[in-house]
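# Per-entry structural report
Residues per chain, in single letters:
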Amino acid sequence: MVSFRKSKSKKKAAEVAKEEVPEKAAPPEPKPEENGKADEGPAAKSEEKPKPAPAPAPSKPPTLDDIPELLKTMTEEKGEKSAAATKRIYELCDVGHKQNRVPMVCSGKWDVLTPLAKCLTQESGDGRHLACLALNNLSIPTENKRVMALGPASKEVIGGLCKVIAEDKQESYLCCICLMNLSFLEASITTILQHSPVDEGASPIPPLDNPNSLIRVLEKLLTNSPSAPKSGSGKSEGVRWACGLIKNLAKSEENAALFGQTEIPRCVVENIRNTTAPPSRWTSNSLEDFSLFVILNLAQWPVSKDALIGAGAVDVIKPIMSEGDLQGLKATMACAFLDAKWEDFPDGGAPASKSVSELMTNIVEKKGKDGQYAYGVFKLYTATKAYRDLAVSAVESGSANTKALATPSSVALCLQVVSDLVLAAVDDAEGGSKYVPDAMSAEYAVGAIEAMLPAILDEADPPRVSVQSEKAAGEVAQMLLTYSDISGTSATAKASAKKSADEIKAAGGSARPILEISHDLWTQYRKREGQPLDQFISQERGVSLFIMYTIACAIHFHIHLDSSN
């Protein structure tokens, strides 16, 4: 998010706080602080001191009541007078007047967006620069994002920002930041990327066929950038924030399909390939940080992963996996999505298993990880898909490799994700979860369970009969069968759930330590959440368990008699 404040040093202003500070349950986005110490996101970059307006500053500070007159001056006058009025609009929403930002956009009293958007087309650098600053500040509140990106003036706002970027103006990086701010509203990302301007009265042109569309403008910006632009230069800042914008826009499969047909995947891979800084030195919101996020977001969609594979992404990001921090986590998930071989994951896959499993847990528990990411930065479907793909890679290289992934806590978490969706879908089920997963997350969790079955169903040594394993097998199998019958479950997920249920059910009776412990952890979770513990126990299974319990008691009694004799 961008917020403008006057700063003594442009270099200092370029330092941006971490983006991963969510505001409530909204999409992850930095929240500006009054003290300016942190969490101002891209704001700190654009809160540089605006160019001095030619006209002398009025003695009285502007108020909201002055807006009608200021808008009239902006639209009817030119040059110095228009720039002076634009400066006053900027002052009304600067860092010292945050309380004005929502009323200026959402009150319905004024249309400040259209005049500001028109200022972006001015040849005068002063008016254009001040309009960029004002639009960035106004784009921070969540309420304003919807109006600016989807409201009546959205075409003018997005079009004006895109035009400045296309013309490679000095303010290009500010326009990328403003669009990035708006793209934190996930409902807007398709609309933003679909921007494809045509002359009035002309037929619409698909974005990929229009050189003036936003996606082609961003592609041109990245492809025309030198392989190693000077840090802090206008060109490097434009590329940097363009990658930040692309990172957000690539979160939808529809947008990823468009990106996959451009040179953008190759460009972000080259950004990582050409960097001289080690991953441990990458700062949040740096070019490398953004580029790796773009790779991660595009890699999870089949419609764009091939473009990354063709650009050699796996070989470029594979060494980053050993970092063990946020960048290592991103690289690990991206490599899993890009079908990396199991041998590519360091230390037999144990670090990959631990980091992705921890991420899944944190998302479900609605928390982040100190110093790395906040809740909301990653989606559950991204984490569960990464775990599923890791498990598939492991089992394809040898079933014994799945032991690194099939820890009881990880298996229990996959069961939890699936069962929470089942409880949410079954009308007569009691209880619930504080986190209701989406359908994709449940499908990936089922896929992970299927891939990990060789380890989950590994027999105890020496083999023995176990009532607990029989009970665990019965409940887990029944839960998976219930999931397969839920309306909307994909054919792939149904087949995976039924196959897993059959194998688990057939394995009941013999002791399966991982299955037992995983089931116990899953049961403890359901108790804490107040969920019904008999939801997945069938009458047939209950009779079977009673018979097994009787047999086990008889065997125990017989052994006891033998030992006493």
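Quick notes on the rules
- Residues numbered from 1 in each chain as written.
- Predicted model: local features only at pLDDT ≥ 70, side-chain atom pairs only at ≥ 80, totals over all residues.
- Heavy atoms only, no water.
- pLDDT = per-residue confidence, 0-100.
- Contact = heavy atoms within 4.5 Å.
- Salt bridge = Lys/Arg side-chain N within 4 Å of Asp/Glu carboxyl O.
- Helix = DSSP H or I, 4+ residues; strand = E, 2+ residues; numbered from the N terminus.
- Buried < 20%, exposed > 50% of the residue type's maximum accessible area, 1.4 Å probe, protein only.
- Phe/Tyr/Trp six-rings, centres within 6.5 Å; stacked < 30°, edge-to-face > 60°.
- Lys NZ or Arg CZ within 6 Å of the ring centre and 35° of its normal.
- Core = buried A, V, L, I, M, F, W, Y, C linked by side-chain atoms within 4.5 Å.
- Expected span 1.5 Å × (residues − 1).
- Polar contact = N/O pair within 3.5 Å; in protein donor to acceptor, adjacent residues only side chain to side chain.
- Axes fitted to C-alpha atoms, helices over the stretch in contact; angles between N-to-C directions.
- Parallel < 35°, antiparallel > 145°, perpendicular 65-115°, else oblique.
- Left-handed = near helix turned anticlockwise from the far one by under 90°.

Considering every residue of the protein, the mean pLDDT works out to 85; 81% of them sit at 70 or more. Ignoring residues within four places in sequence, the model shows residues 2-41, a span with pLDDT below 50, making 135 contacts including any to other chains. Taken together, the stretch residues 541-565 has pLDDT below 50 and engages in 14 contacts with residues farther than four places along the chain or on a different chain.

Moving on, we come to the pattern of salt bridges. According to the stated counting rule, one finds 22 salt bridges in the structure shown. As a salt-bridge pair, Lys 369 and Glu 358 come within 3.0 Å of each other at their nearest N and O atoms. In this pair, Lys 369 sits in the loop between helix H20 (350-364) and helix H21 (380-396) while Glu 358 sits in helix H20, placing the two residues 11 residues apart along the sequence. A relative accessible area of 31% means that Glu 358 is categorised as partly exposed.

The relative placement of two aromatic rings is captured by the distance of their centres and the angle of their planes. In this structure the tally under the stated criterion is six aromatic pairs. Aromatic side chains Phe 293 and Phe 378 sit 5.8 Å apart centroid to centroid with 35° between the ring planes, which places their arrangement in the tilted category. On the criterion of sequence distance, the pair formed by Phe 293 in helix H16 (residues 287-299) and Phe 378 in the loop between H20 and H21 is long-range, its members being 85 residues apart. A relative accessible area of 4% means that Phe 293 is categorised as buried. Between Trp 522 and Phe 536, the ring centres sit 5.9 Å apart and the planes meet at 25°, which makes this aromatic pair stacked. Of this pair, Trp 522 sits in helix H26 (residues 513-528) while Phe 536 sits in the loop between H26 and helix H27 (539-564), and the two are 14 residues apart along the sequence. Judged on exposure class, the residue Trp 522 and its partner Phe 536 are both buried. The lysine or arginine in question, Arg 526, covers the ring of Trp 522, its NZ or CZ lying 3.8 Å from the ring centre.

Let us look at the nonpolar core. In this structure, Leu 222, Ile 317, Phe 378, Met 452 and Tyr 483 are the most contacted members of the largest nonpolar core, which totals 157 residues. With 11 residues, helix H23 (residues 439-456) is the largest single contributor of residues to this core.

So, on to helix H24 (residues 467-484). In a regular helix each residue adds 1.5 Å, so 18 residues correspond to 26 Å; H24 covers 26 Å between its end C-alpha atoms and thus fits that length. Those residues of H24 that sit buried are Ser 469, Glu 470, Ala 472, Ala 473, Gly 474, Glu 475, Val 476, Ala 477, Met 479, Leu 480, Tyr 483 and Ser 484. Two or three places before Gln 468, at the opening of H24, Ser 466 has a side-chain oxygen 3.4 Å from that residue's backbone nitrogen.

Given a rise of 1.5 Å per residue, 14 residues ought to cover 20 Å, and the 20 Å separating the end C-alpha atoms of helix H4 (residues 79-92) matches this to within 8%. Judged by how many residues are buried, H4 sits mostly within the fold: 10 of 14 residues are covered. Among the residues of H4, Ser 82, Ala 83, Ala 85, Thr 86, Lys 87, Arg 88, Ile 89, Tyr 90, Glu 91 and Leu 92 are the ones counted as buried. Residues of H4 that are buried make contact with helix H3 (67-76), helix H5 (101-106), helix H6 (113-119) and helix H7 (125-138).

Attention now moves to the environment of Glu 77. Its place among the elements puts Glu 77 in the loop between H3 and H4. Not counting chain neighbours up to four residues away, the residues in contact with Glu 77 comprise Lys 72 and Ser 82.

Between two packed helices, both the angle of their axes relative to each other and the distance between the axes serve to describe the pair. Contact pair H20 / H21: the axes reach a minimum separation of 9 Å and the direction vectors enclose 150°. For the element pair H20 / H21, the angle class is roughly antiparallel. Note on packing geometry: the crossing formed by H20 with H21 is left-handed. Along the contact surface, H20 presents Ala 352, Ser 353, Val 356, Ser 357, Leu 359, Met 360, Ile 363 and Val 364, while H21 presents Leu 380, Ala 383, Thr 384, Ala 386, Tyr 387 and Leu 390.

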